[in-house]
Amino acid sequence: VEFLIVERSDEAVGVVALVVQSDHLKLNQLFIHPDQQGSGIGSECLRLIMERATELSLPVRLKCMRINVRAVEFYEQHGFRITSEDDVYFRLESE
């Protein structure tokens, strides 16, 4: 697992956790501090994650809680699609 601290102006504002697997890049966490959400930091992090996946020729996959509507919409706006679901999670994959 790779953990990355997201910084803005030398202040930690978030964290990213990635796992490279044989058939995909798994995004375990993308957390941005609530005070920084909506500022474009999450989009920039996701752009960099997608670049890494492209370099590895892998799709990005993640799970997102169904009740976290804002996060699901964020990923869909960035080209992810829901591939499966259960009572708690949506599973999404980059296109």
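Our structure's up above, just so we're on the same page.
Anyway, here's the lowdown on the structure attached to this text. Quantities reported herein were computed from a predicted structural model and do not represent experimental measurements.

### Points about the packing of aromatic side chains
Considering all chains together, one arrives at two aromatic pairs under this definition. With 5.2 Å between their ring centres and 75° between their planes, Phe 74 and Tyr 75 make a pair best called edge-to-face. Seen in terms of ring centroids, Tyr 75 and Phe 80 are 5.6 Å apart; in terms of plane orientation they differ by 65°. Their pairing is edge-to-face. The class of Phe 80 is buried, set by a relative accessible area of 4%. Taken together, the ring pairs in this structure connect Phe 74, Tyr 75 and Phe 80 into an aromatic cluster. For Lys 63, the ring lying beneath its charged end belongs to Tyr 89, and the centroid distance is 4.2 Å.

### Remarks on the environment of Phe 80
Tracing the chain through its elements places Phe 80 in strand 5 (residues 80–85). Note: C-alpha distance between Phe 80 and Glu 93 (13 residues apart in sequence) is 5.2 Å. The residues touching Phe 80, leaving out its near neighbours within four places in the chain, are Leu 46, Met 50, Val 60, Leu 62, Tyr 75, Leu 92, Glu 93 and Ser 94.

Thresholds applied
Residues numbered from 1 in each chain as written. Predicted model: local features only at pLDDT ≥ 70, side-chain atom pairs only at ≥ 80, totals over all residues. Heavy atoms only, no water. Phe/Tyr/Trp six-rings, centres within 6.5 Å; stacked < 30°, edge-to-face > 60°. Buried < 20%, exposed > 50% of the residue type's maximum accessible area, 1.4 Å probe, protein only. Lys NZ or Arg CZ within 6 Å of the ring centre and 35° of its normal. Helix = DSSP H or I, 4+ residues; strand = E, 2+ residues; numbered from the N terminus. Contact = heavy atoms within 4.5 Å.

Read these as spatial facts, not as claims about activity.
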